[in-house]
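# A look at the structure
Here is how the chains run, residue by residue.
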Amino acid sequence: METDPNLRLAVVVGAFAVAIFGLWIVHQRLKAKNQGFGPNSLRAFGAVLFLPTILIVSVTTSFQIETLAALLGTVAGYLLSRDGGGSD
């Protein structure tokens, strides 16, 4: 199924705008809390950049559904994982 090129462009521009706005929000939160760059901020930046990138890749390429599901699973595992340093 071929999608409309204008729709593709709109999705790419929208995802790019969401990524830029998300980076700005994360930066403002770090600045407001007077926090430095650490593991949690790295996770936030990764999520803000990686999720719109997956959306762009899914619209602009002909990846199979399984490939995109694997990418989303990787992101979910990364975001929901905890540090291995402490014990419960």
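In what follows, the accompanying structure is described. (Residues numbered from 1 in each chain as written. Predicted model: local features only at pLDDT ≥ 70, side-chain atom pairs only at ≥ 80, totals over all residues. Heavy atoms only, no water.)

The subject of this paragraph is the overall build of the chain. Looking only at helices and strands, one finds three helices and zero strands in the chain. A globule of 88 residues ought to have a C-alpha radius of gyration of about 12 Å, yet the chain, at 16 Å, is considerably larger. Once the C-alpha set of the chain is aligned to its principal axes, its extents read approximately 50 × 30 × 15 Å. Residue burial in the chain is summarised as follows: out of 88 residues, 16% are buried. A separation of at least 24 residues holds for 59% of the contacts in the chain among residues at least 6 apart in sequence. Surface exposure of the chain reaches about 6700 Å², of which carbon and sulfur atoms provide 67%. A distance of 17 Å separates the average location of the 6 positive side-chain charges in the chain from that of its 5 negative side-chain charges. (Helix = DSSP H or I, 4+ residues; strand = E, 2+ residues; numbered from the N terminus. Rg over C-alpha atoms; globule rule 2.2 N^0.38 Å. Buried < 20%, exposed > 50% of the residue type's maximum accessible area, 1.4 Å probe, protein only. Contact = heavy atoms within 4.5 Å. Areas by Shrake-Rupley, 256 points an atom, 1.4 Å probe, with all protein chains shown as cover. Lys, Arg positive; Asp, Glu negative; His and termini not counted. Charge placed at Lys NZ, Arg CZ, Asp CG, Glu CD.)

A few words on the side chain of Ser 41. For Ser 41, the location among the structural elements is in helix α2 (residues 39-60). Apart from residues lying up to four places away in sequence, Ser 41 is in contact with Leu 30 and Gly 36.

On to the packing of helix α1 (residues 5-32) against α2, then. Helix-helix packing is characterised by the crossing angle of the two axes and by the distance between the axes. With their axes 9 Å apart at the nearest point, α1 and α2 run at an angle of 180° to one another. What the angle tells us is that α1 and α2 run roughly antiparallel. From α1, Arg 8, Val 11, Val 12, Ala 15, Phe 16, Val 18, Ala 19, Gly 22, Leu 23, Val 26 and Leu 30 reach across to α2, where they touch Ser 41, Ala 44, Phe 45, Val 48, Leu 49, Pro 52, Leu 55, Ile 56, Val 59 and Thr 60. Partitioned by chemical class, the residues of the contact of α1 with α2 number 17 nonpolar, three polar and one charged. (Axes fitted to C-alpha atoms, helices over the stretch in contact; angles between N-to-C directions. Parallel < 35°, antiparallel > 145°, perpendicular 65-115°, else oblique. Nonpolar A, V, L, I, M, F, W, Y, C, P; charged D, E, K, R; others polar.)

Geometry only, nothing functional implied.
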